[in-house]
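Coordinates in review
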Amino acid sequence: MLALLVLADLITLGAAAAAVAFLVSLAALALLVFTVRRLDGKAHRIDLRIKKHEAELARTTAALKNIETRLDVLVQAVEDSAARRADDLGAILASLGEDRVNAMARAREVEELREEVRGLAKDRV
């Protein structure tokens, strides 16, 4: 088109060259804008994915803290139960020891009574 205008002597060769340079720079600018918009779209989608992953990570962190709190409560309950069990076992063992001592004392008393009964039985005979 510009070539026809130059051949028809309607515009000068310099003006045609300037117009071609302007059109080339305009096309380059359009390509640059298209590329930047495409990259911006990709960056936006990446940013959305990152925010989604951050939200999931925050939910997971909160759930882990909740689980950790529950585990602390359970550990405390197990420790309390173990302490009570140890106290109960100590009391049972102490009671068994007392029963054994009492049983030994009773056995001595029974044996003494038998001896007395035997002694009385010999005296009567």
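Notes on the structure in this doc start here.

What counts, and at which threshold
Residues numbered from 1 in each chain as written. Predicted model: local features only at pLDDT ≥ 70, side-chain atom pairs only at ≥ 80, totals over all residues. Heavy atoms only, no water. Helix = DSSP H or I, 4+ residues; strand = E, 2+ residues; numbered from the N terminus. Patch = residues over 30% accessible without salt bridge, like charges linked within 9 Å, V, L, I, M, F, W, Y side chains within 5 Å. Areas by Shrake-Rupley, 256 points an atom, 1.4 Å probe, with all protein chains shown as cover. Salt bridge = Lys/Arg side-chain N within 4 Å of Asp/Glu carboxyl O. Lys, Arg positive; Asp, Glu negative; His and termini not counted. Charge placed at Lys NZ, Arg CZ, Asp CG, Glu CD. Buried < 20%, exposed > 50% of the residue type's maximum accessible area, 1.4 Å probe, protein only.

Its location among the elements puts Ala 105 in helix H2 (residues 13-124). C-alpha of Ala 105 to C-alpha of Leu 74: the two residues are 31 residues apart in sequence and 46 Å apart in space.

Where like charges cluster on the molecular surface, the positive patch consists of Arg 38, Lys 42, Arg 45 and Arg 49. Within the secondary structure, Lys 42 sits in helix H2.

This brings us to the pattern of salt bridges. Within the structure shown, the criterion is met by three salt bridges. For Glu 111, the salt bridge is made with Arg 114, and the minimal N-O distance between the two is 3.8 Å. With a gap of three residues between them, Glu 111 and Arg 114 both fall in helix H2, about one helical turn apart. Since its relative accessible area comes to 45%, Arg 114 is described here as partly exposed. Two residues, Arg 118 and Glu 115, come together in a salt bridge whose shortest N-O distance is 3.1 Å.

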